[in-house]
Structure formats: structure tokens, C-alpha cells
Amino acid sequence: MLKIWSMKKEQKDAENAEGHASGGKKKKITAAQLRVQKDLSELSLGDTMKTDFPDPDDILNFVLMIEPDEGMYKGGRFTFDFNINQNFPHDPPKVRCREKIYHPNIDLEGKVCLNILREDWKPVLNLNAVIVGMQFLFLEPNASDPLNKEAAEDLRNNRDGFRRNVRSAMAGSSVKGIAYDRVLS
Amino acid sequence: MSVATQAPASAASPVDEDARWKYLNHIRQTPGPFTDPASQDEVAMRMFDNFKVLVIGAGGLGCEILKNLAMSRFRDIHVIDMDTIDISNLNRQFLFRKADVGSYKAEVAARFVMNRVKGVSITAHNKTIQEFDLDFYRQFQLVICGLDSIEARRWINSTLVTIAEEGDPDSIKPLIDGGTEGFKGQARVVLPSFTSCIECQLDMHAPRAAVPLCTIASIPRQPEHCIEWAHVIAWDQEKPFPKLDKDDPEHVTWLFNKAAKRADEFGIQGVTYSLTQGTIKNIIPAIASTNAIIAAACCNEAFKLATSSVQCFGFENNYMMYSGNDSIYTYTFNHQKKPDCPVCSDQSRPLDVDPKATLQELLDSLAVRPEAQLKAPSIRAEGKSLYMRAPPQLEEQTRPNLTKTLLELGLADGQYVNVTDKAFNTQFDFTLVFK
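Everything numeric here is computed off the predicted structure, so don't read it as measured data. (Residues numbered from 1 in each chain as written. Chains lettered and ligands numbered in written order. Predicted model: local features only at pLDDT ≥ 70, side-chain atom pairs only at ≥ 80, totals over all residues. Heavy atoms only, no water.)

Undergrad: So, the overall build of chain A: which residues are in play, and what are the values?
TA: For chain A, the helix and strand inventory stands at five helices and six strands. Helices and strands appear in chain A in the N-to-C order α-α-β-β-β-β-α-α-α-β-β. A buried classification covers 48% of the 185 residues belonging to chain A. Across chain A, the fraction of contacts at a sequence separation of at least 24, relative to all contacts at a separation of at least 6, is 52%. Accessible area of chain A: about 8400 Å², with a carbon and sulfur share of 47%. (Helix = DSSP H or I, 4+ residues; strand = E, 2+ residues; numbered from the N terminus. Buried < 20%, exposed > 50% of the residue type's maximum accessible area, 1.4 Å probe, protein only. Contact = heavy atoms within 4.5 Å. Areas by Shrake-Rupley, 256 points an atom, 1.4 Å probe, with all protein chains shown as cover.)

Undergrad: Give me the sheet that holds strand 5 (residues 175-181) of chain B: which residues, what numbers.
TA: Residues and elements named next belong to chain B. Taken together, the eight strands give an open sheet; going across it, the order is 3-2-1-4-5-6-7-8, and neighbouring strands pair in mixed fashion. Of all the strands in the sheet, the pair left with one neighbour each is strand 3 (121-125) and strand 8 (329-333). Here the strands of the sheet are splayed against their neighbours by 15 degrees on average, with no regard to which way each runs. Note that strand 5 and strand 6 (residues 184-190) share seven bridges and pair antiparallel. Looking at strand 6, one finds that Gly179 is bridged to Gln186. Packing against the sheet, helix 6 (residues 105-116) makes contact with strand 2 (76-80) and strand 3, and its axis sits at approximately 170 degrees to strand 3. Its contacts with the sheet place helix 8 (residues 150-163) against strand 1 (52-56), strand 4 (142-146), strand 5 and strand 6, and it is angled at close to 170 degrees to strand 5. (Pairing = 2+ DSSP bridges. Axes fitted to C-alpha atoms, helices over the stretch in contact; angles between N-to-C directions.)

Undergrad: How would you sum up the interface of chain A and chain B? Please name residues and give values.
TA: Each partner contributes to the interface: chain A provides 51 residues, whereas chain B provides 76 residues. For the pairing of chain A and chain B, the buried interface totals around 6100 Å² over both sides, and the portion due to carbon and sulfur atoms is 59%. Taken together, the links from chain A to chain B amount to four salt bridges. Run the count over chain A and chain B and you get 16 residue pairs in polar contact (both at pLDDT 80 or more). Those elements giving two or more residues to the side of chain A that touches chain B turn out to be helix 1 (2-18), helix 2 (31-41) and strand 1 (49-52) of chain A. Taken together, the residues of the side of chain A that touches chain B break down into 21 nonpolar, eleven polar and 19 charged. (Buried area = accessible area lost by both parts, 1.4 Å probe. Salt bridge = Lys/Arg side-chain N within 4 Å of Asp/Glu carboxyl O. Polar contact = N/O pair within 3.5 Å; in protein donor to acceptor, adjacent residues only side chain to side chain. Nonpolar A, V, L, I, M, F, W, Y, C, P; charged D, E, K, R; others polar.)

Undergrad: Pulling in residues and values, what's your account of the UniProt feature "domain: UBC core" (unreviewed entry) in chain A?
TA: Annotation from UniProt places "domain: UBC core" (unreviewed entry) at residues 31-175 of chain A. A distance of 45 Å separates the end C-alpha atoms of residues 31-175 of chain A, which is 31% helix and 15% strand. (UniProt positions renumbered as here; feature names shortened; annotations may be inferred.)

Undergrad: I'd like a rundown of the packing of helix 11 (residues 249-265) of chain B against helix 12 (residues 273-280) of chain B, residues and numbers included.
TA: Residue and element names in this part refer to chain B. One way to put it is that helix 11 packs onto helix 12 with a least axis distance of 9 Å and a crossing angle of 105 degrees. Here helix 11 lies roughly perpendicular to helix 12, going by the angle between them. Residues Pro249, Val252, Thr253, Leu255 and Phe256 of helix 11 pack against Tyr273, Thr276, Gln277 and Ile280 of helix 12. Across the contact of helix 11 with helix 12, the residue classes break down as six nonpolar, three polar and no charged. (Parallel < 35°, antiparallel > 145°, perpendicular 65-115°, else oblique.)

Undergrad: Just give me the short version of the sheet that holds strand 3 (residues 78-83) of chain A, but keep the residues and values in it.
TA: Residues and elements named next belong to chain A. Spatial ordering of the open sheet is given by 1-2-3-4, a layout of four strands whose pairing is antiparallel. The open sheet has two free edges, formed respectively by strand 1 and strand 4 (94-97), since each of these has just one partner strand. Strand-to-strand twist of the sheet, defined as the mean angle between neighbouring strand axes without regard to direction, takes the value 25 degrees. Bridge count for strand 3 against strand 4 is four bridges, and the pairing is antiparallel. Opposite Phe80, over in strand 4, you have Cys97 as the bridge partner.

Undergrad: With reference to specific residues and values, describe the packing of aromatic side chains.
TA: Overall, the coordinates contain 23 aromatic pairs over all chains when judged by the stated rule. Both rings, one in Tyr73(A) and one in Phe78(A), keep their centres 5.9 Å apart while their planes meet at 75 degrees; by these two values the pair is edge-to-face. There is no split in this pair, since Tyr73(A) and Phe78(A) are both buried. Here the aromatic rings of Tyr102(A) and Tyr180(A) are separated by 5.5 Å at their centres, their planes lie at 75 degrees, and the arrangement is edge-to-face. Of this pair, Tyr102(A) sits in the loop between strand 4 and helix 3 (127-139) while Tyr180(A) sits in the segment after strand 6 (178-179), placing them 78 residues apart in sequence. Classification of Tyr180(A) by relative accessible area gives buried; the value is 5%. Members of the aromatic cluster, joined through ring pairs, are Phe132(B), Phe136(B), Tyr137(B), Phe140(B) and Trp155(B). If you follow Lys52(B) out to its NZ or CZ, it ends over the ring of Phe140(B), 5.9 Å from the centre. (Phe/Tyr/Trp six-rings, centres within 6.5 Å; stacked < 30°, edge-to-face > 60°. Lys NZ or Arg CZ within 6 Å of the ring centre and 35° of its normal.)

Undergrad: Which residues make up the pairing of strand 3 of chain B, and what values do they have?
TA: Strand residues, when the strand is regular, have side chains that alternate between the two faces of the sheet. All names here are of chain B. With five bridges connecting them, strand 2 and strand 3 associate as parallel partners. Its bridge partner lying in strand 3, Val79 is registered against Ala124. For the crossover that starts at strand 2, traverses helix 6 and ends in the parallel strand 3, the hand is right-handed. (Right-handed = clockwise from strand over helix to strand, strands pointing away.)

Undergrad: Kindly report on the UniProt feature "active site" (unreviewed entry) in chain A, identifying the contributing residues and their values.
TA: The positions UniProt marks with the feature "active site" (unreviewed entry) are Cys113(A). You can see Cys113(A) is positioned in the loop between strand 4 and helix 3. In this view, Cys113(A) contacts Asn105(A), Leu137(A), Asp145(A), Leu147(A), Leu213(B) and Cys214(B); residues no more than four positions away in its chain are not counted.

Undergrad: Provide a residue-level description of the packing of helix 4 (residues 149-157) of chain A against helix 5 (residues 159-170) of chain A, including the pertinent values.
TA: Residue and element names in this part refer to chain A. At a closest axis distance of 5 Å, the pairing of helix 4 and helix 5 adopts a crossing angle of 135 degrees. With respect to helix 5, the axis of helix 4 lies oblique. In contact with Ala151, Asp154, Leu155 and Asn157 of helix 4, helix 5 contributes Arg159, Gly161, Phe162 and Asn165. Taken together, the residues that form the contact of helix 4 with helix 5 break down as three nonpolar, three polar and two charged.

Undergrad: Kindly report on the pattern of salt bridges, identifying the contributing residues and their values.
TA: Residues and elements named next belong to chain A. As enumerated under the stated definition, the model contains 24 salt bridges over all chains in all. Between Arg77 and Glu67 there is a salt bridge, and its shortest N-O distance comes to 2.9 Å. Of this pair, Arg77 sits in the loop between strand 2 (61-66) and strand 3 while Glu67 sits in the loop between strand 2 and strand 3, and the two are ten residues apart along the sequence. For Glu67, a relative accessible area of 26% gives the class partly exposed.

Undergrad: Talk me through the nonpolar core; I want residue IDs and the actual numbers.
TA: Formed by 49 residues in total, the largest nonpolar core has its most connected members in Leu69(B), Phe74(B), Ile77(B) and Ile144(B). Those elements that place two or more of their residues in this core are strand 1, helix 5 (60-71), strand 2, helix 6, strand 4, strand 6, helix 13 (288-307) and strand 7 (319-323) of chain B. Of the residues forming this core, the biggest block, eight residues, is contributed by helix 13 of chain B. Counting residues in each nonpolar core, the second largest holds 47 residues, with Ala151(A), Phe162(A), Val183(A) and Met388(B) among its members. (Core = buried A, V, L, I, M, F, W, Y, C linked by side-chain atoms within 4.5 Å.)

Undergrad: Report on unusual backbone geometry, specifying residues and quantitative values.
TA: The bulk of non-glycine residues show a negative phi, and the bulk of peptide bonds are trans. Cis geometry marks the peptide bond from Phe88(A) to Pro89(A); its omega dihedral reads 5 degrees. Considering the arrangement of structural elements, one finds Pro89(A) in the loop between strand 3 and strand 4. In this model, Ala390(B) is joined to Pro391(B) through a cis peptide bond whose omega is -10 degrees. As for its position among the elements, Pro391(B) is in the loop between strand 11 (384-387) and helix 15 (392-398). The backbone of Ser193(B) sits at a positive phi, close to 75 degrees, despite the residue not being glycine. In this structure, Lys239(B) is a non-glycine residue whose phi angle is positive, near 40 degrees. Take Lys239(B): it is sitting in the loop between helix 10 (223-238) and helix 11.

So this is what it looks like as C-alpha cells:
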């Protein structure tokens, strides 16, 4: 301890010699918030995505709207709730689709099967990686990792039939006895 | 052997203090080539007598740590743990007996060690660490953690960094952190604001092993997959109780039944109640010997820090990892401070501002300040987005703030603000100084 104190003084002297200004106390903004602030400023949303912050002061909870401009889900408008906890970036953000949609990788409760939201999440990934992944799900729905099994089978067996079912689900019709939300904008 | 039968026995025979600490004192009073000469004088000798240490966690590591500290002549120890004793703790948390199940860990552990080791005072706090303020933590010279949660580590780490004041050696409270997971563990020392902190080392924690959601939803292969299905999917669909309480036997039973049924459908063996509990709470089997090794390393560092008798972790090496998975392997190294660590990187700089200036004027001034030179800054205060340049919708929502004055925005003298700029990887912290 004595040693630390004397070494600490030396370090400080060295810093002062280098001309570092130091201003006493520490900030009180949490690490998760700092990281989200940084991630948000690096977000590239393009034309197909929009965010909405119900409370602009709370940057840990926001909404992402995706409007794919190509692919089978073109013309739809999909809303996702992003919920980031204080353990971010150790924990991934929680993402949930508000609408009930016909998609092999999104279940009827809105849960999303995207590897980087779960098993492949790493703290070096950022929010941009997540939204790029989400966008990709609408361009290339993946039949081999199904969360909605019927939809996945449909996609695997009959791509054109699946495409038609996606269109009618997006229009608010029922597919195979399940009523879906209208998402056409 | 019960505590009650030991107490009168030791009370009957008076303890010879010199004989009791003979070897410990020998280590302290026999300087080696690297011993700090100052550690041998009277002041340093006395300092250890009044040393006050805080132990966080009275579980697997905590029991070992409390025992080790008491037997290394630490006399004033506080311990915090909010948990109560569960029957499953008894195999390794050796300060607890069956009759203690349901009692507070901190309280029982403190009582046991005080009964067994005469002359030590242990103050138990049956609370969460977040319930204490900075002044509480300021009273200690050293903090040792035996925690199982990253969140709690990050909290105490940022608290100790906050306490560390420039130019006040007493405010530097070394943090010794132990952690174990099965046969693996680590012991590390943080000198808050001077050496690499827990936040700098966040990526040293192995991420939680997670199974892809689609495996759980469609093709379970292992009993754990069925349990996760009940936990993540079935619970959400049926919501049998308003909120899942992983400690409520009724809730766990519900999940267990669901999981067992699904396991049946897929012909999977091995779903049990205790596996259900372990899986949903992400419990990794704790191994008593790993705890003993890591706690011993932590307490040796504590003793060395407190007495300066021997070289210890600090500015050079500060991290020891231990793995018993394949034979025995340890590696000790210097984990370097992250220059852009959100917790311990450069402390906030004072920024002279006119409280009647608008936010726009403040941001413009950041562009010309030589140390900042931020062309496109976004700025936040605690719990308040002042101006965020991206994403566009947030920019729109915060734009009206630009024409408001700092006073109108509710900012105060001494307020912390954080500034980021897309062009830079780091962030800038300022403390507003009103002129």
C-alpha cells in the first residue's frame, strides 16, 4: 500500500509534466449508456429503417421500423422494440417484433432468431451489426433455422407458395388458420 | 463440531498473541531485496493494526476469504451479502450448517468466524451493495470481491473509480476480485483510476453459453434445450404467473413439468427439477477446491497490499488466471488499461461555460477548443439527451434544445456531460464550470 501511494505520486508527477489537465470528479453516466450513445452516433439506417425514441432521454429503449425495399417483404412496415439493459454490451440488446408476422425466423410472439442476438453475441458487436442482421432477415428469410416451423417448411418446399402466403399475411389475412397483422404501409 | 462448544474452550486458555502471530510477524519483519524499506517502520507496522477491509459476497469464495483474512490477522472486516443460505450451499460454504438454512449468509459467516478466531471483528450487512453510499465505501482501505455476477462487479468497480480522487492517496481503495467457474478461476487487483479496471477487462469474461433459439424451438437434442424451451417459449405463450420468479418453487415446478413433457415427446432423457433450476439460473457447478485456490490468491494479495511486506499485484502484473480443466495451468500478466474505457479512462475535464449561453454556442465552442476539436458532437448529461446528431429521428427530437440556454436545460454547475463524435473512437467527458 505504501508502495502504491508513492508510485501513484510519481505517476501523477509524470502526468503533470506531460501537461495533462485533470478535473477532479467522475461522471455519473452509466457505462451502458455511454456505449449506446456511441453506437447510436455510428448507426447507418439507410432509407429502409427509422428509429423512434418514445422518451428521447432514455436511449436504452427505442423502436426500430424496417420497411424493406426489395425481397418478399417489400412494402411491409415492421416495428421492433429494442430494450438494452445496464449490462450492455456484455448482454445483447433484447429485440422483439410488435406485429404478428409470417416469417420463418420470427415467431408469433415476436421473438427473433438471429444468431448475434443470442449465441453469437459479443461485446465487440454494436447496434449497427444488429440492425444490419435484422434487415437481412427480411431480405433472406432462412428456412434452416426456423422459429416458425410452418413458415420454414413452406419456404423450403414451395418458394412461390411461401411468397404468396407472405403477401396475404402482410395484407392482414389468415394463413393456415392463423390471423396475421396487416403491415402494408 | 458446533460453534457453541468451541467458544468456552478458547476462552479458558488465554491466547499468547506473540506466539499466535509468530510466523506472520516473521514474514512482515524480515525484509527481502524487494521489500519497501518504509514497510518496516513503526508507522507501517501500526497501519496494519487499524486496517479496515470490506468483503463483498459471503458465498463459496466469501467463506474462504473471511476465514483467510481472519487467520491472517485482519481485525476489522465488514461483509456484505444479500443472500440467504440454501441447502445446496452446504457442500462448500463451510461456515454454514444445516440449521442455518434460510438465515443470512453474511450474518452466519461473520458469527462463525468471530467465534472461531478470537480478536477479529466482522460486521455483517444483509443488503445489496447498491444500498450503500459512497461514504460507506470510503471507510475501507481495501475491498475484496467474491461475486458471481458481472453486474455487481461492474457496479463496485465504477463506485471505487468514482471515489478515487486525484491527489488523495487515501481515496484509492484497491479492489481485489476473485472469480471461479468450475475448474477455472481468476484473481486480479485493480488500483482504481490507475490500473486496468473491471470495465477495461470486460471481455475477459466468457460470454454466457446460449443455444440458438431455433434449436430450442424446433429440434431439441438435450434436456437443457427442453428446459430452455419451457423457459423462453412456453412461459411466454401461457404466462402461468404474471412474472417469472426463478426462486419460487411453484414457478420452477411449472417449467419442470413443461420441459419434462417436451422431453418425452422428443424422447430425451434427463430433465430433472434440479437441472431445471440450474439451467434457468445459469448455474455452473462450483468446485470447492477452485474456490479455495482463488480465495487464497486473493487473500495473499490483500495481506501483501496491507503490509507492503512483499511485492504484490498492482502496477505491473495484476491478473492471474487459473485453469484446472486440462491438468493445471496458470498465467499471470499485466492487463493494460483501456484508453477509451468508459469507466476509468481520463477523468472529466473542466469546461468553463456561461450558463446563459445556448447549447448551440456550447457545441460551437467545442469545435474550436484545441483539446476537443469536435466538428459533429453529440452530447448527453446523466439521464438526459441534450443533442444527439444521430439517428435522424433522435436528432429531430433533440434539436429544439440547441436554442435553449444551459440554465433552461436544467444543467447545473459541476454537471457531468459526455460528448461523442462519429469521427473519434473515444468519448470526451467534461464537468461544466459556470462562470
